[in-house]
Each structure stands twice: as structure tokens, then as C-alpha cells.
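# Structural characterization, general
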Amino acid sequence: MKYSILSEGDEEPMDPVRKNEFDSEACGSIAPKAKPCPRPKPGEAAGGCSFDGAQITLLPIMDAAHLVHGPIACAGNSWESRGTLSSGPSLSQYGFATDLTDSDIIFGGEKKLKDSIDYIAERFAPPAIFVYSTCVTALIGEDMDAVCRAAAERIGIPVIPVNSPGFVGSKNLGNRLAGDALLQYVIGTGEPEPMSPLGVNLIGEYNIAGEMWDIEKLMNSAGITVTSRITGDARYKEITYAHRAKVNMVVCSRALLGLAKEMESRYSIPYFEGSFYGAKETTYSLRQMAFLMNDREMERRVDRLTEREEARLSQDLRPYRKLLKGKRAVLYTGGVKSWSVISALKELGVQVVGVGTNKSTEDDVRRIADRVGDDTEYIPEGGASRIIKTVRERKADIMIAGGRNMYVAMKEQIPFIDINQERHKAYAGYEGLLRLAKELTYSLANPIWKLAASPAPWDKEAPPYDR
Amino acid sequence: MTVNRRKKPASVNPMKIGQSLGAVLALQGCYRAMPLIHGSQGCSAFPKALLTRHFREPIAVQTSALQEMDVIFDANRNLEEALNLVLSKHRPDIIGIIGTELTDVAGVDYQNMLKTYKRERNMRGGLAFSVVLPDFRGSLESGFSSTVEAMIDEMIQQVGHRGSRSVNTRQITLLPGSFLTPADVMELKEIISSFGFEVIALPDISTSLSGHLLTGFSPLTRGGVPLDSMLQSLQSGLTIAIGGSMERPARRLHNALGTPYKVFEGAMGLKASDELLHFLHQISGEPVPLRYCWQRENLLDSMLDAHFQFAGMSALTALEPDHLYSVSGWLEELGVEQKALISSFETPLIAGMEREVWVGDLDDAEVLGKGADLWISNSHGIAGAQRIEAAFMPAGFPVWNELGAYMSVSVGYRGAMEWSNKAGNLLMQREAGHRESSVRHR
């Protein structure tokens, strides 16, 4: 079958990045109210680049090949660093790179890119190849779009250029650009099996630590099917027919809200923003799905399911709630997790006394405000030292943040829970909340905190020469 | 022998690590230092994440956070801004500015900018240097050694030519290669000092990345060799370099100050340890401490115990060049067949090896090492080792599937013994697994 990577009538390749256009949009919404993504501060910048962001979004398409066009380190330093899990194919866990050398930079790397695409297509026979630009290939003006287009025609599988070199901006902008690539080259290019039931697209759920599987199990037991996973544990093909879904659920709004909005206007698919952190949010999300599917029977099933699950959960949570009640936490994470995890913690009786807002949209901040009291400190930016300060000042018992801050917390001997993409524990859904409760308890109750704080016996004694 | 390459257009499952990461690692071994990567945000975010994952410690690094327009118009404006901020906020003793492929391709002249900056700010007392490390050349190892060389250069500029040198013959400068763990550096320092020498390791990750409970967060490096010790090292009577890549920095000291140097290319196994201890014995005139005589016997005995395990076994090794050389020497002593040796890039040391070496990636390792019983590489090799059903032994950088990997010792008799036992245990477990699966249940 001859496969065209461009949907019908759409002959334009993906537009190159224009800065002005994106700066205002980078924070996640098509028409932001305010607060464009700030320029990273030299000497004080933290976090990944757009290239990183694009990969975070697209690497969970597990059966596709992901080829990095650039010098080796962009791939070499980053592959296998994300906690997204696969239930089957593992090709996306391979690290592919064109590995440009001095002479490639001087004479151009397009030939190498072409050969690499052919090589990967022949040896691994993937359903599609994603090609990522990097700072250097963008700088020397490689025409990646043309190479990809020609390759797609030659080898008969989609070859998708992802124009998200690191220097265009933040990780979030990269998420967005990846979403744009999906809109332009993938969504709408395929059709589902004729008789298969259609349901919900999960957008911005990357199956970190297998969270997607917990969510899917829940949805299925309420009779809701997942049409496309965009992109946790996804297969390429299912994303091609995402436009046939009845509902879009935006799990991480900061990353891919624009994608949902565009799909609404293009394909009239209603969307909602939701989360699976905490029982309340999970119940709300499931109800919202059923409501937007416009299926009374399904709504009833969801009600029965959520009642049953919530009852069981509150039974299971009882011993942990007792231990966690009144504990204080500082939460430092980005986007949707900033507010949804607050809900989850509140259900456990944990008070959030500080929360990071540096990577949140206006809407996220509003949602945070809805969920926390007045005495919660907002941490707009400032990295590790700022977080530590808040923990100390607010007398927090535990810090909940990403892996990058984990060892900072260890140095300060602050109990810590990893909430970001490198973690190994799934916290979504009812099961996830129970897991979070357990993790918090284990972390707080660990004997190490007492041991680490106690000095060696000879340090306790007064030194002999002091007498 | 020759260095081979498999012909294929793309790199599949790379083991190469960006040079700039090597530079960041080197600077972690200096007290109150700040590596500043001149590139886009990702150029520092990836190394930071990877180093944090391997060492399980906070890592000091900053970036000039270049964006598209900065590269086109004036990248150095960002660097200046970053320098101002880092200097005024953290007051580091040492700043290493690390050029990336981005600044290299764009042709940014930050060396000159740094010179002017230092002159204008009247920067004294600290050490600020720059080093060009694009990722399309070399790997972690070359980035590390180039950075140490640049550091030494700057020290010589600052002090070396000024005044006379009073050589301290009881003091040795140790230049540990990038493949050595914090515990390795510690062990080497102990071995050398047990012969009555003062040792200054340059850099010294053994006191910064080995895990300590200092409280109070600092964005700068904590632990490592302090600046005054670094400058003091210029008075050393001898330089000992571990790993072929450290010869250049050692030669730099020799050329500028006349400090004699000795390079130990291999650092693992009985022979390499013998060579080191014998050398120290000769130059110090001291007897070899009893502890090492004991360790030598322990090692030989454990090799005798383990030789049943290693007999008929084959190994594939995929590591950075110096490390590969070192591990290969150790495998040789165990009598293990060396199925394939794969290096991340070519160095003179590798080219001069008696065995056949391939320059390539972990996909090449999988193809060339088919049938091997033991797979030695960084943690990226886990999947490949599973596919060819070899026992997986993590080594090199990064290792994330094991706790305490950064504290394992590979040098000296103790290191060889630790590694031999570990590899033997892995093979034993694998054998037990096979036996279990071949038992027929009725």
C-alpha cells in the first residue's frame, strides 16, 4: 500500500519554527491570557530544552523508530532516560542518531540522514519513523522536511519531521511542537477497523511507570474504550485514526491542550481537561468522559464503578490516613500535576504548604488556588535552594518533586517522593492513590531520618581536652 | 592491531556520551566550582540528569541558555549574563566555560570574550578557563581529559611562570582518568600515600561524589580538591596519570614545569597493580605495606577459586577507550575469551592494542558479541545483553540499575578481586538459571 504522510489536500510541510508566533503560545493554550514563557535566565536556567520536550511527547509511540538528526550527544545523553513503559514493542527504546561529525557539519548531513532513514526502514521495518532536528542541524539549515518527504515516498512508510531543536525554547514548547507534528502528519491519515468501538483519546498521558494501564483498566471496567493513546504506550496506527474518537481527554494540559483545541475545531471532538491523581479527580474524569460520550447507560455504569472503587479505597486508606493526617508537604512539579496532586494529597490528609508554579499555566494556577489555603506559599521559580527554603520555613515534613531535586533533598535529609517522569511508581487512579499513601508513609516512617540525624557516639561526648 | 568500524549510516543505541559531560564530571572534582555550559538549555540539562542518575548526588552545572536569536546575534551576551549572575550570587573559586557544538558551529569566540571579561572585572584569586568540546568529536573521556588539561594550563598561566618553583619531592600529583569511580580515586590516593607521599588528585571526585552528609544546599560543587591545593600541585615532584587519556595533561605539566610523569595505562588486574606498587616501592624506597601484600594473596586466591567459573567463558566489553583497555587486561588474566571489544571512539591507546578493537555502538556490540556469556558495558547495554542472553555486568558510565556502582573499586588488588568475584557471581547465577530451565518437570 502506498502511504502518503500528508493528509489529502495538505501539501504544506510542517512550518519551520517562528519564534514570535510560538513564544506567546508556548505555555500551552492557543490564546493565552497572559504570561508568555519567560526567557530562560543564563546562569540560573533549569530544565530541558524543546528537543527534550518533543521526545517526551513522541517516544511513547512504542513501535515507531525515533531518529535524532544531529551530533551524537543529543541522543547519546538522553536515550533511555524517561520512565515511559511499553506493553509490547520496544523499538522506540532504541537510540537512533545520525551521529554527525565535523565533515558532515561542513558538507551537510542530508545524505547521511537519507541513508539512515533507509537503513532503519529496511532493518527494523517500523510503521513510521520520527526524525528530530537538533540545534546544530537547524543552525546549518538542513532541509529535513524535504528529506523526510522524499524518504516517505521512496520507502512507503510515514517519515515525520519534528522541527523542535533545543534552542527554540523550553521543554513545554517542545511538547507543543510534537503535538503539531502529530496534527500535521499523523492524525487523520488512517481509519480504524470498521467494527471497533470508538471512545476516548487520552492526550498527554505518557504511561510513566505504567500509569496508563491503571487508567485504562478503570475505563474499561466502566465500558469506556480508549481510541488513541497520545502518546503513552501508543502504537503508531492508533494515532492515525485519533480523529474518529468521540471525546478527547487532556491529561496534561500544559503540553498538549493546543492539540485538543485544534482537534475540536477540525474534527468537532469535544475535549475536557482532567486528571487521575486522587479519587475525586479520577471520578470526575470518568464521569466527564461518559457525559461527553452522551451515553446514559455508560454514565450509570461509571457511577456504580466509582462508588464501589471509592468505598473500597477509603477502606484501604484508613490506616494510612491516620498516619498521614496533618503532615505538611512541599510540592514542586510542573503543569497539571501541580494542582491535581494537591487534590490527591488533600484526600490523604496531607497539607500542601508550598507549591511550585513555574511551569504552570494561568489556568493551572487558578486551579491551584482553588485547592489550597491562603497560607500556602507559591514558588514561582528558583530551583533547589528556593524549594529547600520553603520546606524549612514552612516546616514541611516531606518534599514531593522531580528526580533532579531528589538528591538535593537527600543532602538536606528531607523525606522525598519522586513525582516526575523518571519515577518507578504509578500514582494514577484509585490504585495509584493507595500507592501514593503507602509511599508517603514508608518515606516518612523510615528509620534513616533518625539515624542520619544522630551523631557518632564519640561526637556526643565532650572532648577530653575540654574538661 | 587494527581498529575496525562496521559500516552503517546511523548510530544505533549509542554508547558515546557528549564531551561536555566529561567536562562537567571533571569539574565536580574541584571544590566550589561551577561548570558553565555555553549552549542551549538541553546541553546542560541532559548531563545534569545523567550524572545525577549515576552518582545519586546533586550535580553543579549551569548554562548560558542560548536561544535561536542569541546564537544568531550575540551568544556571548548570554555568557556574560550567566557569568555575572554566577559570580555575584555564588562566588565560585573555579569556573569552567564549556563550549558546545552549538557555539562551535556558530563560530562563537568566547575564549577572547573570557579574556576581556577577566581583564575588565579584574578577576583575581579565582580560576576561570574555557574549553572547546563539541559533541561531534570524542566522547566523555576526551572531554574529561581536555578539561583537566585546560585547567592545568590556566593554573600554569596564573602561577607557574611567576617566581621560582620549589619542588617538593615527597608530593605527587595524581591525574585520575574519567573511568575511575570516586572509590577508585580514594583507593589510588591511599595506595600512593601509604608509601609516604603527599597526594593531590586533580580532579578529586573521591571527596565530592562519594556521598557525604554535609548539610546546607549549595549550587556549587561540594567537596573535591580546593583551589589552593590545586595550585600547590604545581610544586609536585612527580605526576602519576592513570589512563592513556591523562597523558596529555601530564605532559603539559612536564613541558611547562619540567615535572616528570609516569602514565599507567591499565589500572585493573594483578599485573597493573603490581606495576603500580613496584613503581611506588622503587621511587620511595619504602617497603610495600603489609596490607597490600595481603591483598595480593587474597586476589590470587580468589582468582584460583573463580577460575572454574571463568573457564571456557567469553565476554564482550563495550566501554570508553581507557576503560576498555583496562578491563581487557583484567579479562586476559582471568583466561576469559574476549569475544569483542568495542570502544566509543578511537584513541592512540586503542589503536595500539594487541587485540582487535571495534569503534561503534551497543548495536555493534550485540552483533559482534553474539554468543558471549558476559556483557560488560554501561546500563544502556541491559536490553542488548538480554537479547543475546549474556549475563550483564554494569560498568563505566552511566550505571543506573545498581546501587552504589559509583563506589565500587576496580583498581589495585582489592579492585581486581571485587570485580572477579562480581563477574564470577554473575556467571554462576546465569548457569544456575540455565540449569533450572533445562530441568524437565514431570
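Residues numbered from 1 in each chain as written. Chains lettered and ligands numbered in written order. Predicted model: local features only at pLDDT ≥ 70, side-chain atom pairs only at ≥ 80, totals over all residues. Heavy atoms only, no water.

### Quick look at the sheet that holds strand 11 (residues 314-319) of chain B
Residues and elements named next belong to chain B. The 6 strands lie next to each other as 1-13-12-11-14-15, forming an open sheet whose pairing is parallel. With one partner strand each, in any of the chains shown, strand 1 (3-5) and strand 15 (391-394) form the two edges of the open sheet. Averaged over all pairs of adjacent strands, the angle between their axes in this sheet comes to 25°, without regard to strand direction. Strand direction decides the pairing type here: strand 1 and strand 13 (residues 357-359), joined by 3 bridges, are parallel. Residue pairing for strand 13: Asn4 is matched across the bridge by Trp358. (Pairing = 2+ DSSP bridges. Helix = DSSP H or I, 4+ residues; strand = E, 2+ residues; numbered from the N terminus. Axes fitted to C-alpha atoms, helices over the stretch in contact; angles between N-to-C directions.)

### Looking at unusual backbone geometry
Omega for the bond connecting Ile230 of chain A with Thr231 of chain A falls within 30 degrees of zero, at 5°, which places this linkage in the cis form. Looking at the element boundaries, Thr231 of chain A is found in strand 6 (residues 226-231). One non-glycine residue, Asp233 of chain A, lies in positive phi territory at about 50°. Its place among the elements puts Asp233 of chain A in the loop between strand 6 and helix 10 (236-240). Notably, Arg56 of chain B is not glycine yet its phi reads approximately 55°, a positive angle. With respect to the secondary-structure elements, Arg56 of chain B resides in the loop between helix 2 (41-55) and strand 4 (62-63).

### Describing helix 15 (residues 362-371) of chain A
Within helix 15 of chain A the residues assigned to the buried category are Asp364, Arg367, Ile368 and Arg371 of chain A. All buried residues of helix 15 of chain A project into a common sector of 105° when viewed along the axis, lining one side. (Buried < 20%, exposed > 50% of the residue type's maximum accessible area, 1.4 Å probe, protein only. Arc of directions from axis to C-beta.)

### Re the packing of aromatic side chains
Centre-to-centre distance and the angle between the planes together describe a pair of aromatic rings. All chains considered together, the criterion is met by 10 aromatic pairs over all chains. With 6.5 Å between their ring centres and 35° between their planes, Phe55 of chain B and Phe397 of chain B make a pair best called tilted. Of this pair, Phe55 of chain B sits in helix 2 while Phe397 of chain B is found in the loop between strand 15 and helix 17 (412-438), placing the two residues 342 residues apart along the sequence. Each member of the pair, Phe55 of chain B as well as Phe397 of chain B, is classed as buried. Three or more aromatic residues joined by ring pairs form one cluster here, namely Phe51 and Tyr132 of chain A together with Phe46 of chain B. Stacked on the ring of Phe197 of chain B, the Lys or Arg Arg170 of chain B has its end atom at 4.8 Å from the ring centre. (Phe/Tyr/Trp six-rings, centres within 6.5 Å; stacked < 30°, edge-to-face > 60°. Lys NZ or Arg CZ within 6 Å of the ring centre and 35° of its normal.)

### Quick notes on the pairing of strand 1 (residues 65-69) of chain A
Residues and elements named next belong to chain A. With 5 of 5 residues buried, strand 1 is to be regarded as a mostly interior element. Residues Ala65, Leu67 and His69 of strand 1 are buried on one face, and the alternating residues His66 and Val68, pointing to the opposite face, are buried as well. As paired elements, strand 1 and strand 3 (residues 129-133) share 5 bridges and run parallel to each other. Across the sheet, residue His69 finds its bridge partner in strand 3, namely Ser133. As paired strands, strand 1 and strand 2 (residues 96-97) are joined by 2 bridges and run parallel to one another. Residue pairing for strand 2: Val68 is matched across the bridge by Ala97.

### A look at the side chain of Glu149 of chain B
Residue and element names in this part refer to chain B. Inspection of the secondary structure assignment puts Glu149 in helix 7 (residues 140-160). In terms of polar contacts, Glu149 uses its side chain to reach the side chain of Arg248, at 3.3 Å. When near neighbours in sequence (up to four residues on either side) are disregarded, Glu149 contacts Arg248, Pro249 and Arg252. (Polar contact = N/O pair within 3.5 Å; in protein donor to acceptor, adjacent residues only side chain to side chain. Contact = heavy atoms within 4.5 Å.)

### Thoughts on the nonpolar core
Ranked by size, the top nonpolar core spans 102 residues in total, and within it Met230, Ile240, Trp330 and Ile376 of chain B carry the most contacts. Once residues within four sequence positions are removed from consideration, Met230 of chain B is found in contact with Cys30, Ile94, Leu127, Met151, Met155, Leu202 and Val225 of chain B. Core analysis: the second largest hydrophobic core is formed by 52 residues, Leu305, Val355, Ile398 and Ile419 of chain A among them. (Core = buried A, V, L, I, M, F, W, Y, C linked by side-chain atoms within 4.5 Å.)

### So, the environment of Leu348 of chain A
Residue and element names in this part refer to chain A. Following the sequence through the fold, Leu348 ends up in the loop between helix 14 (335-347) and strand 10 (351-356). Through-space distance from the C-alpha of Leu348 to that of Leu440 is 9.8 Å; in sequence the pair is 92 residues apart. Beyond its immediate sequence surroundings of up to four residues, Leu348 is in contact with Leu317, Arg321, Leu324, Lys325, Leu433, Leu436, Ala437 and Leu440.

### Digging into helix 7 (residues 144-155) of chain A
Residue and element names in this part refer to chain A. Here helix 7 spans 16 Å end to end across 12 residues, near enough to the 16 Å set by a 1.5 Å rise per residue. Among all positions in helix 7, only Met144, Asp145, Val147, Cys148, Ala151 and Ala152 are buried. When helix 7 is viewed along its axis, its buried side chains cluster within an angular range of 160° and face the same direction. Where helix 7 is buried, its residues touch strand 1, helix 5 (110-124), strand 3, strand 4 (159-162) and helix 8 (171-185). Residue Gly156 follows helix 7 closely and has a positive phi angle near 75°. (Expected span 1.5 Å × (residues − 1).)

### What about the environment of Ile156 of chain B?
Residues and elements named next belong to chain B. Mapping Ile156 onto the fold places it in helix 7. Here Ile156 falls in the buried class, since its relative accessible area comes to 2%. The spatial distance from the C-alpha of Ile156 to the C-alpha of Leu253 is 8.1 Å, given a sequence separation of 97 residues.

### Notes on the pattern of salt bridges
As enumerated under the stated definition, the model contains 52 salt bridges over all chains in all. For Glu299 of chain A, the salt bridge is made with Arg296 of chain A, and the minimal N-O distance between the two is 2.2 Å. Pair noted here: Glu299 of chain A and Arg296 of chain A are both in helix 13 (residues 296-324), with a separation of 3 residues, about one helical turn. Assessed through its relative accessible area of 23%, Glu299 of chain A is described here as partly exposed. Linking Glu332 of chain B and Arg355 of chain B is a salt bridge whose minimum nitrogen-to-oxygen distance equals 3.1 Å. Within this pair, whereas Glu332 of chain B is found in helix 13 (residues 321-334), its partner Arg355 of chain B is found in the loop between helix 14 (348-351) and strand 13, the two being separated by 23 residues in sequence. Residue class for Glu332 of chain B comes out partly exposed when judged on its relative accessible area of 44%. (Salt bridge = Lys/Arg side-chain N within 4 Å of Asp/Glu carboxyl O.)

### What to know about the sheet that holds strand 7 (residues 168-176) of chain B
Residues and elements named next belong to chain B. Strand order in the open sheet formed by 4 strands is 8-7-9-10, with parallel pairing between adjacent strands. Of all the strands in the sheet, the pair left with one neighbour each is strand 8 (198-201) and strand 10 (261-264). Mean inter-strand twist for the sheet, computed between neighbouring axes without regard to direction, equals 25°. As judged from the 4 bridges shared by strand 7 and strand 8, these two strands associate in the parallel manner. If you follow Leu174 over to strand 8, its bridge partner there is Ala201. Together, strand 7, strand 9 (236-242) and strand 10 form the strand contacts of helix 10 (residues 247-257), whose direction differs from that of strand 10 by roughly 175°. Contacting strand 7, strand 9 and strand 10, helix 11 (residues 270-284) runs over the sheet at an angle of about 160° to strand 10.

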